[in-house]
Amino acid sequence: KIGDPNLVLTGMHSYEISYLYNLGKDPLKEIDEFYFNLIGPEWDTSISNVKFNNVVFRYGNLSNSKIRNVSFKDCDLTESSFIEVDIKKMFIDNCNLYKSDIYHTNMDNIDLSSSNIDMIRIDNYSLKGIIVSVYQALALVSLLGIKIKE
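Structure report, in brief. Numbers given to residues run from 1 along each chain, matching the order in which its sequence is written. In keeping with the predicted nature of the model, local features appear solely for residues at pLDDT of at least 70, side-chain atom pairs appear and are counted solely at 80 or more, and the whole-chain, interface and lining totals rest on all residues. With hydrogens and water set aside, each side-chain value is computed from the structure's full complement of heavy atoms.

## Side note on the overall build of the protein chain
Link 1 in the chain: Runs of H or I in DSSP of at least four residues are treated as helices and runs of E of at least two as strands, each being numbered from the N terminus. Regarding its fold elements, the protein chain presents 2 helices and 6 strands.
Link 2 in the chain: Along the chain direction, N to C, the helices and strands of the protein chain fall in the order β-β-β-β-β-β-α-α.
Link 3 in the chain: In the protein chain, 3% of the contacts between residues at least 6 apart in sequence involve partners at least 24 apart.
Link 4 in the chain: When the accessible surface of the protein chain is totalled, it reaches about 11,000 Å², and 52% of it is carbon and sulfur. The contact definition used throughout considers only heavy atoms, calling two residues in contact when any of these lie within 4.5 Å. Working definition of accessibility: Shrake-Rupley area with a 1.4 Å probe, residue cover restricted to the visible protein chains.

## Describing the sheet that holds strand β4 (residues 86-93)
Note on sheets: strands pair through backbone hydrogen bonds, and any given pair is parallel or antiparallel.
Link 1 in the chain: When DSSP finds two or more bridges between a pair of strands, those strands are recorded as paired. The strand order β1-β2-β4 describes an open sheet built from 3 strands, whose pairing is parallel. Looking at which strands have only one partner, the edges of the open sheet turn out to be β1 (47-53) and β4. Across the sheet, the mean angle from the axis of one strand to that of its neighbour is 10°, orientation sign disregarded.
Link 2 in the chain: Relative to β4, strand β2 (residues 66-73) runs parallel, the two being bridged by 7 bridges. Throughout, an axis means a line fitted to C-alpha atoms (over the contacting stretch in the case of helices), and angles, computed between N-to-C directions, take values from 0 to 180 degrees.

## Considering the pattern of salt bridges
Link 1 in the chain: The salt bridge definition used is simple: a Lys or Arg side-chain nitrogen within 4 Å of an Asp or Glu carboxyl oxygen. Using the criterion set out here, one finds 3 salt bridges in the structure.
Link 2 in the chain: Notably, a salt bridge pairs D76 with R58, separated by 2.7 Å at the nearest N-O pair. With D76 in the loop between β2 and β3 (81-83) and R58 in the loop between β1 and β2, this residue pair connects regions lying 18 residues apart in the sequence.
Link 3 in the chain: The exposure class of D76 is buried, given its relative accessible area of 12%. When a residue's accessible area, from a 1.4 Å probe over protein chains only, is under 20% of the maximum for its type it is buried; when over 50% it is exposed; and in between it is partly exposed.

## Looking at the sheet that holds strand β5 (residues 101-103)
Link 1 in the chain: Read from one edge to the other, the open sheet built from 3 strands follows the order β3-β5-β6, with strand pairing classed as parallel. At either margin of the open sheet sits one strand with a lone partner, and together these are β3 and β6 (121-122).
Link 2 in the chain: Both β3 and β5 contribute to a ladder of 3 bridges, which runs parallel. For F82, the partnering residue across the bridge sits in β5 and is I102.

## As for unusual backbone geometry
Link 1 in the chain: Despite not being glycine, N54 has its phi angle at roughly 55°, a positive value.
Link 2 in the chain: Relative to the helices and strands, N54 resides in the loop between β1 and β2.
Link 3 in the chain: The residue K99 is not glycine, and still its phi comes out positive at about 60°.
Link 4 in the chain: Mapped onto the fold, K99 is located in the loop between β4 and β5.

## Structural notes on the side chain of T78
Link 1 in the chain: Along the polypeptide, T78 turns up in the loop between β2 and β3.
Link 2 in the chain: One polar contact links T78 to D76, side chain to side chain, over a distance of 2.5 Å.
Link 3 in the chain: Dropping the residues within four chain positions of it, T78 is found in contact with R58, Y59, N96, Y98 and S100. Polar contact is the term for a pair of N or O atoms within 3.5 Å; when the atoms are in protein, one must be able to donate a hydrogen and the other to accept it, and sequence-neighboring residues count only if both atoms are side-chain atoms.

## Looking at the side chain of S100
Link 1 in the chain: Summarising the element assignment, S100 is placed in the loop between β4 and β5.
Link 2 in the chain: Here S100 falls in the buried class, since its relative accessible area comes to 0%.
Link 3 in the chain: Polar contacts involving the side chain of S100 include one to the main-chain carbonyl oxygen of L77, which spans 2.7 Å.
Link 4 in the chain: Residues within four places of S100 in sequence aside, it is in contact with L77, T78, E79, S80, I120 and R121.

## Some details on the nonpolar core
Link 1 in the chain: Membership of the largest hydrophobic core comes to 27 residues, with the highest contact counts inside it found for F72, F82 and M90.
Link 2 in the chain: Looking at this core, the elements with two or more residues in it are β1, β2 and β4.
Link 3 in the chain: Once you skip the residues sitting within four places of it in the chain, F82 turns out to touch L62, S63, F72, L77, M90, L97, D101, I102, Y103 and T105. Among buried residues, the Ala, Val, Leu, Ile, Met, Phe, Trp, Tyr and Cys ones that are joined through side-chain atoms within 4.5 Å form a nonpolar core.

## A word on the packing of aromatic side chains
The geometry of an aromatic ring pair is captured by two quantities: the separation of the ring centres and the angle between the planes.
Link 1 in the chain: Stacked, tilted and edge-to-face are the three classes assigned to paired rings of Phe, Tyr and Trp, where Trp is represented by its six-membered ring and a pair needs centres within 6.5 Å; plane angles under 30 degrees give stacked, over 60 edge-to-face, the rest tilted. All chains considered together, the criterion is met by 2 aromatic pairs.
Link 2 in the chain: Each member of the aromatic cluster is reached from another via a ring pair, and the members are F52, F72 and F82.

Shown next, in the form of structure tokens:
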């Protein structure tokens, strides 16, 4: 919880939230796990700006969240879920989206050309307007059921 529960704020307010997290006894030597509901879909509000830099966001779930502007740079988004996300602007640079699900999410003018999108699962609605490299475009063709003849 943030702030005084007996005080109701109106209008726009900015918050910067940071954490130092003590993992305690670490049972996994190769990786650290941290589960946190950062952007709750049941919140009766939208989030204006969220920036992730150099974050492992594996199995992340942004489904049904209301984010106006989100930025991912140098992030691992392996098997993450973007389903019916109300995003107005998204920036993705040098990220791993391997096996991620993107459905019913406006990806218009989102540049994925510097990111790994191998085995991404995406619907036709979300494909509209995305920017990809030539190599990525060839891989995405198979999602549409198109066969390429040499």
